[in-house]
Amino acid sequence: MLKIENLVVNYGGIEAVKGISLEVPDGSIITLVGANGAGKSTTLRSIVGLVKAKSGSITLDGQELTGLATTDIVAKGITLVPEGRRVFPDMTVLENLKIGAYLRKDNIKDDIDRVYDLFPRLKERSWQAAGTLSGGEQQMLAVGRALMSKPKLIMMDEPSLGLAPIIVQGIFDIIREINKQGTTVLLIEQNANMALKIADYGYVMETGNISLFGTGAELLANERVKELYLGKSKQ
């Protein structure tokens, strides 16, 4: 579905992404793992047009995305759940969800109901200001808002960041359920263990390059990945 070839991106005067190539097949969960500053977020932001690529190609179903406006990329079926959730704090839960569907001209009621089915807590708090929600609830809202555009591909930047372990497990369960319902997922996570457990395939980014790749199971078993990202030294 999504194909990146030789992508180079400058960010803040630095070459943050250095000619990477990767693929996201239709129906899959793909994860990018790596330390802070590896270029993961810049990669996602370039896919959705928030940061312009210096060179290389990004295609969705064979259509070139580089150079398009972010709204046009969203209209083609890609959404981004940004790091830090970025909900509109003074607007209600329902108003935040409706903003996620701003490009749509059809009836959105069924999709609001779908989000409420995925996140019953949001239904309970539909008229509550988003800024008064807990961190976990705001993350649910950010994911739900992204789903309102009916994306082919949902990209998530550090969805577990700053959340309690019990909430993190729930977020990963929801990611699996979203994928099961037919949405392809591209996930950035510092919690490499959780991310690789649900991933069909993964890429390890280091200083703007892809240093390792393989199935989720292969990367979980890789000694270098264990040592650097899973907190396990070589035996």
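Residues numbered from 1 in each chain as written. Predicted model: local features only at pLDDT ≥ 70, side-chain atom pairs only at ≥ 80, totals over all residues. Heavy atoms only, no water.

(A) The packing of helix α6 (residues 135-147) against helix α7 (residues 165-180), seen in detail. Packing of α6 against α7 brings their axes to within 10 Å, and their N-to-C directions diverge by 15°. When the axis of α6 is compared with that of α7, the two are roughly parallel. Judged by the sense of rotation from one axis to the other, the crossing of α6 with α7 is right-handed. Together, Gly136, Gln139, Met140, Val143 and Leu147 of α6 and Ile167, Ile171 and Ile178 of α7 make up the contact between the two elements. Of the residues that constitute the contact of α6 with α7, the class distribution is 6 nonpolar, 2 polar and no charged. (Axes fitted to C-alpha atoms, helices over the stretch in contact; angles between N-to-C directions. Helix = DSSP H or I, 4+ residues; strand = E, 2+ residues; numbered from the N terminus. Parallel < 35°, antiparallel > 145°, perpendicular 65-115°, else oblique. Left-handed = near helix turned anticlockwise from the far one by under 90°. Contact = heavy atoms within 4.5 Å. Nonpolar A, V, L, I, M, F, W, Y, C, P; charged D, E, K, R; others polar.)

(B) Quick peek at the nonpolar core. In terms of nonpolar packing, the biggest core is built from 37 residues, with Ile154 and Ile175 touching the most fellow members. Among the secondary structure elements, those contributing two or more residues to this core are α3 (93-100), α4 (109-118), α6, β7 (153-157), α7, β8 (184-188) and α8 (192-198). Discounting chain neighbours no more than four positions away, the residues touching Ile175 are Ile29, Met156, Pro159, Val185, Leu187 and Ile198. By size, the runner-up hydrophobic cluster in this structure holds 28 residues, among which are Met1, Ile20, Leu32 and Val48. (Core = buried A, V, L, I, M, F, W, Y, C linked by side-chain atoms within 4.5 Å. Buried < 20%, exposed > 50% of the residue type's maximum accessible area, 1.4 Å probe, protein only.)

(C) Expanded view of the packing of aromatic side chains. Tallying each qualifying case throughout the model produces 2 aromatic pairs. Their ring planes at 65° and their centres at 5.5 Å tell us that Tyr201 and Tyr203 sit as a pair that is edge-to-face. By relative accessible area, which is 8% here, Tyr203 ends up buried. Taken together, a centroid distance of 6.3 Å and an interplanar angle of 40° make the contact between Tyr203 and Phe213 tilted. Of this pair, Tyr203 sits in strand β9 (residues 201-206) while Phe213 sits in strand β10 (residues 209-215), placing them 10 residues apart in sequence. Aromatic ring contacts, followed pair by pair, group Tyr201, Tyr203 and Phe213 into a single cluster. (Phe/Tyr/Trp six-rings, centres within 6.5 Å; stacked < 30°, edge-to-face > 60°.)

(D) Representation of the layout of surface pockets. The calculated volume of the largest pocket comes to roughly 430 Å³. Together, 17 residues line the largest pocket, and Val74, Leu80, Pro82, Tyr102 and Arg145 are the ones closest to its centre. Of all elements in the fold, only α2 (70-76), β6 (78-81), α3 and α6 reach the threshold of two or more residues within the lining of the largest pocket. Its residues assigned to classes, the lining of the largest pocket shows 11 nonpolar, 4 polar and 2 charged. The calculated volume of the second largest pocket comes to roughly 160 Å³. Together, Ala16, Asn36, Gly37, Ala38, Gly39, Lys40, Ser41, Thr42, Glu83, Asp157, Glu158 and Ile188 line the second largest pocket. No other element matches the 3 residues that helix α1 (residues 40-47) contributes to the lining of the second largest pocket. Within the lining of the second largest pocket, the residues separate by chemical class into 3 nonpolar, 5 polar and 4 charged. (1 Å grid on protein atoms, 1.4 Å probe; cavity = no way out; pocket = protein on both sides within 12 Å on 5 of 7 lines; lining within 4 Å. Points joined across faces, edges and corners; volume = space filled by probe spheres on them.)

(E) Examining the environment of Lys180 more closely. Note that Lys180 resides in helix α7. Each C-alpha atom of the pair Lys180 and Thr31 lies 16 Å from the other, and the pair is 149 residues apart in sequence.

(F) Here's a closer look at the pattern of salt bridges. Per the stated rule, a full pass over the model turns up 8 salt bridges. For Arg125, the salt bridge goes to Glu137, with nearest N and O atoms at 3.1 Å. Taken together, the positions of Arg125 in the loop between α5 (120-124) and α6 and Glu137 in helix α6 put the pair 12 residues apart, joining distant regions of the chain. Within the structure, one salt-bridge network assembled from shared partners comprises Arg121, Glu124, Arg125 and Glu137. (Salt bridge = Lys/Arg side-chain N within 4 Å of Asp/Glu carboxyl O.)

(G) A look at the packing of α3 against α4. Packing of α3 against α4 brings their axes to within 11 Å, and their N-to-C directions diverge by 125°. Of the possible angle classes, the one that applies to α3 and α4 is oblique. Crossing of α3 over α4 shows right-handed handedness. Every residue of α4 that contacts α3 at Leu94, Leu97 and Lys98 is listed here: Ile112, Val115 and Tyr116.

(H) Examining the side chain of Thr42 more closely. Looking at where Thr42 falls in the secondary structure, it is placed in helix α1. Residue Thr42 is classed as buried on the basis of its relative accessible area, which comes to 10%. Setting aside residues no more than four positions away along its own chain, Thr42 makes contact with Val9, Tyr11, Ala16 and Val17.

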